[in-house]
Amino acid sequence: MTTDTTRPGPMIELDITGMTCASCANRIERKLNKLDGVSATVNYATERATVTAPVTVDHDILLGTVAAAGYNATVRRPAGTAESESDAGDGRSAPDPELRALRDRLVWAVILTVPVIAVAMVPALQFEYWQWASLTLAAPVATWGAWPFHRAAWTNLRHGTSTMDTLVSLGVLAAFGWSLVALFWGTAGVPGMTHPFDPIPDRGDGPASGLGDIYLETAAGVTTFLLAGRYFEKRSKRRAGDALRALADLGAHEVAVLPHGPDGPETLVPIARLVPGDLFVVRPGEKVATDGEVVSGHSAVDASMLTGESVPVEVGPGDEVVGATVNSAGRLVVRATRVGADTHLAQLARLVEDAQAGKAKAQRLADRISGFFVPAVIALAVGTLGFWLGAGAGREIALTAAVAVLIIACPCALGLATPTALMVGTGRGAQLGILIRGPEVLEATRAVDIVVLDKTGTVTTGDMRLAEVVADGASEDDVRRVAATLESASEHPIARAIAAGTPTGTLTEFANEPGLGVTGAVDGQGAVIGRPAFLTARGLTISDTLADAVSAAEARGATPVVVGWSGRAHGVLVVADTVKESSAEAVRRLRALGLSPVLLTGDNERTARAVASEVGIADVRAGVLPADKVAFVRGLQERGRVVAMVGDGVNDAAALAQADLGIAMGTGTDVAREASDLTIVSGDLRVAADAVRLSRRTLAIIRGNLFWAFAYNVAALPLAAAALLNPMLAGAAMAASSIFVVTNSLRLRRFRPER
């Protein structure tokens, strides 16, 4: 027997650290694809590589290839497996050493840079040996603080490429190196020196000519500003993986199995030890451990987190139940049918994972521009140096012009353009109850033209409430009291809605018919409550008035419950998932932003149509499963629509991730929030319209910042190359552009929601 060594093995996913831009992902992808039989794609936004390799290529070869390219990688465990669940622990993200190290580097850089910039820009603060004190403070920032940029630039150099890190490193080293030369071999180090400011470089021939200025504040300031941008970008990307950790935490971690049959003793075991065919117990209030079939017991199972159904589903022997749903009433014995990665929850986790990976292909605006900007600036600096040397102007003027080119082009303002606007925009959003994920989110809001709304918990409250009582032949108070007394012994959510806040009498002879109703004696008198057919089967008549009330309730998607005694029905209690007061206005605001609303729900058609009619939505898609929600959103995208999705449940998570813009209600599940791009803390759908407006405004500010960040380069680069711009003036222009970017971003603090 022979083994086919070329046979592809299972798909392998690698978590990659150390990437700083899309070109890093391309480099790793090329390295992996050079291996025999390996097909790999690397996603920069999710920091993940998806690899298909022959069975003969083990994980160490793949990890070694990534390491040879200058990055680190670990094998990713599949979402939904026992191992990934155990790693998730309580669902919180594990500490990220790389993020913590970047934060520490940023903190120290800020502490050291602030005095350097202050003393350089304010001549009154320049004491006798201020330049040497600045060198002492700036040296750690330009070397240790900027080490991530230097390291990335060196990696780029070894592979014959350049990125924004290359220009940052060159700019920092040029400014710092020039300052060292000026301090040790020029006139900048003499006691009592003050910072000169000459618009045009001195073209004298003395050895110290042009070496009287230092640019330590440039080297330290560029490093600190860009470290801040890198830190906030890294933190935002780190949070993208929390959706899967929240999904893993949603399931049960322990289960009570019955190894000796339904009537045997229970044994508590970890969920990872459960295998298909095992019997396990689910008590009221507990999560169903895994997908299975009910063997004995009757109950109502709350599946709203997974299916979107607002009314719990009645289950009994032979019915299927899904892992992570909640048992609302009686004790159930379930036989496991699917476990681990095969469960409905694990499949949902994979949907979220795939949708996130598929959405993150767009590069940031700055990265796209820097693809040609960085090499052009480097070439211009080298050309400037060569030109002036060839023209016989002397090495000082040539070096001054070349350094001026690098400093004026150093992307400090470019690095601030996105982070500052994002920080101000997200800060203002947080004040208004809007949480924005990152700059990629903002691009999506500009082009969104259709908004898909989940029903339960988004357009409606998601809570079952007593909406109406119709009495016939008895007072409304008597109807409420008898109904509340009967339902007070039941744990069903509809029963709890009827019994809540209503005085009850004495209940005896209570009997429950699962899925139909209950009977009992209220203050000694027999009474019945439940479905209309349940009452008629027991000989109670239902008047035309009450029959009309039942029909009207069903027509608007509510749940009617009939109560009666003494041979006839005396009342109808209507229980409904009520529409939020703000939903109709929210739909109008979304339309005003140019968005076409669609109601997408797992609920039945009648309920969905009734809710849609109340809030003014014409397009309704009902009875939709989580996977179908993803397919619906993807179908819209394939037809050229740019989709926003608003939801709150686990069943919405994959669709939120697939949509171009995912908006989660903060009153919903953690999974939905983590899979979304925007989160509405209050649960008020009107704020979703404000979120779109704020995001579009923030994007406009970012685009304006990027324009001006490059505009001053375009204007000043020719002057610098022509040796008409002193490097100090170049540093001042760079600082001015940074100040403009920050000031422009602060305009977002004046954003106001619609009243």
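What this report covers is the structure whose coordinates are included nearby. Treat the numbers as computed from the prediction; the structure is a model and nothing was measured.

Each value, and the rule that gives it
Residues numbered from 1 in each chain as written. Predicted model: local features only at pLDDT ≥ 70, side-chain atom pairs only at ≥ 80, totals over all residues. Heavy atoms only, no water. Helix = DSSP H or I, 4+ residues; strand = E, 2+ residues; numbered from the N terminus. Buried < 20%, exposed > 50% of the residue type's maximum accessible area, 1.4 Å probe, protein only. Areas by Shrake-Rupley, 256 points an atom, 1.4 Å probe, with all protein chains shown as cover. Phe/Tyr/Trp six-rings, centres within 6.5 Å; stacked < 30°, edge-to-face > 60°. Lys NZ or Arg CZ within 6 Å of the ring centre and 35° of its normal. Axes fitted to C-alpha atoms, helices over the stretch in contact; angles between N-to-C directions. Parallel < 35°, antiparallel > 145°, perpendicular 65-115°, else oblique. Left-handed = near helix turned anticlockwise from the far one by under 90°. Contact = heavy atoms within 4.5 Å. Nonpolar A, V, L, I, M, F, W, Y, C, P; charged D, E, K, R; others polar. Expected span 1.5 Å × (residues − 1). Bend = angle between axes of the 7 residues up to and from the residue. Pairing = 2+ DSSP bridges.

## Some words on the overall build of the protein chain
And step 1. The number of helices and strands found in the protein chain is 27 helices and 26 strands.
And step 2. By residue count, 52% of the 755 residues in the protein chain fall in the buried class.
And step 3. Split by element, the accessible area of the protein chain, about 31600 Å² in all, is 57% carbon and sulfur.

## Thoughts on the packing of aromatic side chains
Within a pair of aromatic rings, the relevant descriptors are the distance that separates the centres and the angle that separates the planes.
And step 1. If you walk through the whole model with that rule in mind, you get 4 aromatic pairs.
And step 2. Between phenylalanine 184 and tryptophan 185, the aromatic rings sit 6.1 Å apart at their centres with planes inclined by 55 degrees, giving tilted as the arrangement.
And step 3. For phenylalanine 184, a relative accessible area of 49% translates into the label partly exposed.
And step 4. On the basis of relative accessibility, which here comes to 65%, the residue tryptophan 185 falls in the exposed class.
And step 5. Look at phenylalanine 707 and tryptophan 708: their rings are 5.1 Å apart centre to centre, the planes differ by 80 degrees, and that puts the pair in the edge-to-face class.
And step 6. Residue classification places phenylalanine 707 among the exposed residues on the basis of a relative accessible area of 52%.
And step 7. Over the aromatic face of tryptophan 144 sits the side chain of arginine 105, whose NZ or CZ is 4.8 Å from the ring centroid.

## Considering the environment of aspartate 648
And step 1. Here aspartate 648 is to be found in the loop between strand 24 (643-647) and helix 24 (650-658).
And step 2. Residues aspartate 648 and leucine 453, 195 residues apart in the sequence, show an inter-C-alpha distance of 9.8 Å.

## Thoughts on the packing of helix 23 (residues 626-638) against helix 24
And step 1. Running from N to C, helix 23 and helix 24 cross one another at 20 degrees; their axes reach a closest spacing of 8 Å. Considering the angle they form, helix 23 stands roughly parallel to helix 24. For the pair helix 23 and helix 24, the sense of crossing is right-handed. Facing Pro626, Lys629, Val630, Val633, Arg634 and Gln637 of helix 23, the residues of helix 24 in contact are Asn651, Asp652, Ala654, Ala655 and Gln658.

## Topic: the packing of helix 4 (residues 97-121) against helix 5 (residues 130-145)
And step 1. Relative to each other, helix 4 and helix 5 sit at 150 degrees, their axes nearing to 9 Å. By the angle between their axes, helix 4 is roughly antiparallel relative to helix 5. Two packed elements cross with a definite hand, and for helix 4 against helix 5 that hand is left-handed. Between helix 4, through Asp104, Arg105, Trp108, Ala109, Leu112, Thr113, Pro115, Val116, Val119 and Ala120, and helix 5, the contact on the second element is made entirely by Trp130, Ser134, Leu137, Ala138, Pro140, Val141, Trp144 and Gly145.
And step 2. The class makeup of the residues in the contact of helix 4 with helix 5 is 13 nonpolar, 3 polar and 2 charged.

## A closer look at helix 26 (residues 686-721)
And step 1. Relative to the 52 Å expected for 36 residues at 1.5 Å per residue, helix 26 spans 53 Å between its end C-alpha atoms, a close match to the ideal helical length.
And step 2. The principal kink in helix 26, of about 30 degrees, is found at alanine 715, preceding the proline proline 718 by one to four residues.
And step 3. Immediately beyond the C-terminal end of helix 26, within one or two residues, lies alanine 723, with a positive phi of roughly 60 degrees.

## Quick notes on the side chain of threonine 460
And step 1. Take threonine 460: it is sitting in strand 16 (residues 460-471).
And step 2. Judged by its relative accessible area of 0%, threonine 460 is buried.
And step 3. If sequence neighbours within four positions are ignored, threonine 460 has contacts with Lys455, Asp577, Thr578, Val579, Lys580 and Val611.

## Focus on the sheet that holds strand 13 (residues 332-338)
And step 1. Here 6 strands make up an open sheet; going across it, the order is 6-5-7-13-8-11 and the pairing antiparallel. The open sheet has two free edges, formed respectively by strand 6 (267-270) and strand 11 (320-321), since each of these has just one partner strand.
And step 2. Direction of pairing for strand 5 (residues 254-257) relative to strand 6: antiparallel, over a ladder of 4 bridges. Residue pairing across strands places glutamate 254 opposite proline 270, the latter belonging to strand 6.

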